[in-house]
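The primary structure of each chain is shown beneath.
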Amino acid sequence: MISVSDLVTNNRIPSNYFATDVYVRSDLELGLLENRRGDRLLAMPEPLIKAIYSGLDKETGQASKLVLYNCGRWWGKNFYARFAEEVSEYYEKPLADMSMLDFLQSFKECWKTHGWGKIDLDQSYIAQGFLVVKTWNAPFATQGPNLGIPVCFLDAGVFSAFFSQLSGKDLHCVQTSCESLGAECNHFIVGLEERLRKIEEQIEQGTAHVDLMNDLITM
């Protein structure tokens, strides 16, 4: 419950910092998109996403997966820095001092407002050393090609870098299910690289996410 004294000393009650109607600002005449702090935003139309896949495939072939993953890691580090700065400034406390509820809510709303779809974190396997990330309507899945394997290489790189920065550990990320293959959602597993490398061949063979998790926690 909010006390009267709190309202007298601080008349601002934190709400949804990433609410789309206040966070995203546009200038139609200049064709610019900015966030509420004035930082530039980029809109990525479907043709551009498709062109990224096809262009990288022609230029780098099989290495396109690694290129996208590394691009995601680079972007993820910057994304974490901006997220931590904005949220800490808004809540007037360091990210490390925020409650888990406030952090999760901010992270989910940030992800959605930036156009990456819906996201949720499954912490059921934290004790075993794994974090499961679930996303829906992911642009690089719904607008990407069907390669017979999960295709959100950039997203995986983002999660690898973001949660590495958050935890202070060097973490890897693999995708185990994908909307491009007809899955209900996209599953990503974040954990130590040496442990996740053991299931990469099974992922390419189409092993179900549940079975992969069972294998990981029994290894």
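Reading the values: rules and limits
Residues numbered from 1 in each chain as written. Predicted model: local features only at pLDDT ≥ 70, side-chain atom pairs only at ≥ 80, totals over all residues. Heavy atoms only, no water. Axes fitted to C-alpha atoms, helices over the stretch in contact; angles between N-to-C directions. Helix = DSSP H or I, 4+ residues; strand = E, 2+ residues; numbered from the N terminus. Parallel < 35°, antiparallel > 145°, perpendicular 65-115°, else oblique. Left-handed = near helix turned anticlockwise from the far one by under 90°. Contact = heavy atoms within 4.5 Å. Nonpolar A, V, L, I, M, F, W, Y, C, P; charged D, E, K, R; others polar. Buried < 20%, exposed > 50% of the residue type's maximum accessible area, 1.4 Å probe, protein only. Pairing = 2+ DSSP bridges. Patch = residues over 30% accessible without salt bridge, like charges linked within 9 Å, V, L, I, M, F, W, Y side chains within 5 Å. Areas by Shrake-Rupley, 256 points an atom, 1.4 Å probe, with all protein chains shown as cover. Salt bridge = Lys/Arg side-chain N within 4 Å of Asp/Glu carboxyl O. 1 Å grid on protein atoms, 1.4 Å probe; cavity = no way out; pocket = protein on both sides within 12 Å on 5 of 7 lines; lining within 4 Å. Points joined across faces, edges and corners; volume = space filled by probe spheres on them. UniProt positions renumbered as here; feature names shortened; annotations may be inferred.

An unreviewed UniProt entry lists the protein under the name 4-vinyl reductase, from Roseofilum reptotaenium AO1-A.

Trainee: Explain the packing of helix H5 (residues 100-113) against helix H7 (residues 153-167) to me, using residue names and the numbers behind them.
Mentor: Contact pair H5 / H7: the axes reach a minimum separation of 15 Å and the direction vectors enclose 150°. Classified by the interaxial angle, the pair formed by H5 and H7 is roughly antiparallel. The crossing of H5 and H7 is right-handed. Seen from H5, the contacting residues are Phe-103, Phe-107 and Trp-111; seen from H7, they are Asp-155, Val-158, Phe-159, Phe-162, Phe-163 and Leu-166. Residue composition of the contact of H5 with H7, by class: eight nonpolar, no polar and one charged.

Trainee: Talk me through unusual backbone geometry; I want residue IDs and the actual numbers.
Mentor: The phi dihedral of Glu-92 is positive, around 60°, even though this residue is not glycine. Mapped onto the secondary structure, Glu-92 falls in the loop between helix H4 (64-91) and H5. Within the chain, Asn-137 stands out as a residue other than glycine whose phi angle is a positive 55°. Secondary-structure assignment places Asn-137 in the loop between strand E5 (131-136) and helix H6 (139-142).

Trainee: Go over the environment of Pro-139, please, and point to the residues and values.
Mentor: Within the fold, Pro-139 resides in helix H6. Sequence separation between Pro-139 and Tyr-125 is 14 residues; the distance between their C-alpha atoms is 27 Å. Pro-139 has contacts with Ile-49, Gly-115, Trp-116 and Gly-144, leaving out every residue within four places of it along the chain.

Trainee: Mind laying out the pairing of strand E4 (residues 118-122), listing which residues take part and the relevant values?
Mentor: Residues Ile-119 and Leu-121 point to one face of E4 and are all buried, whereas Lys-118, Asp-120 and Asp-122, pointing to the other face, are not buried. Pairing of E4 with E5, which is carried by five bridges, proceeds in the antiparallel orientation. Counted as the bridge partner of Asp-122 is Val-132 from E5.

Trainee: Could you give an account of a nonpolar patch on the surface, naming the residues involved and the relevant values?
Mentor: On the surface, Leu-42, Met-44 and Leu-48 cluster together into a nonpolar patch covering about 290 Å² of accessible area. Inspection of the secondary structure assignment puts Met-44 in the loop between strand E3 (40-41) and helix H3 (46-60). Accessibility expressed as a relative area gives 33% for Met-44, which makes it partly exposed.

Trainee: Which residues make up the layout of surface pockets, and what values go with them?
Mentor: Approximately 830 Å³ is the volume found for the largest pocket. Looking at the largest pocket, it is lined by 32 residues, and the ones nearest its centre are Leu-42, Met-44, Trp-75, His-114 and Trp-116. At the level of secondary structure, the elements contributing two or more residues to the lining of the largest pocket comprise E3, H3, H4, H5 and H6. In terms of residue count, H4 provides more of the lining of the largest pocket than any other element does, nine residues in total.

Trainee: Can you lay out the sheet that holds strand E2 (residues 32-34) for me, pointing to particular residues and giving the numbers?
Mentor: Pairing is antiparallel in the open sheet, where three strands are placed in the order E1-E2-E3. Here the strands that pair on one side only, and so sit at the sheet edges, are strand E1 (25-27) and E3. Both E1 and E2 contribute to a ladder of three bridges, which runs antiparallel. Bridge pairing links Asp-27 to Leu-32 in E2.

Trainee: Before we move on, can you summarise the UniProt feature "domain: 4-vinyl reductase 4VR" (unreviewed entry) in the protein with the specific residues and values?
Mentor: What UniProt calls "domain: 4-vinyl reductase 4VR" (unreviewed entry) maps, in this numbering, to residues 131-192. Secondary structure content for residues 131-192 is 31% helix and 29% strand, and the end C-alpha separation is 10 Å.

Trainee: Which residues make up the packing of H4 against H7, and what values go with them?
Mentor: Where H4 contacts H7, the two axes come as close as 6 Å, and the packing angle between them is 40°. By the angle between their axes, H4 is oblique relative to H7. The two elements H4 and H7 meet at a crossing, and its hand is right-handed. Of the residues in H7, those in contact with Lys-65, Leu-68, Tyr-69, Cys-71, Gly-72, Arg-73, Trp-75, Gly-76, Lys-77, Phe-79, Tyr-80 and Phe-83 of H4 are Phe-153, Leu-154, Ala-156, Gly-157, Val-158, Ser-160, Ala-161, Phe-162, Ser-164, Gln-165 and Leu-166.

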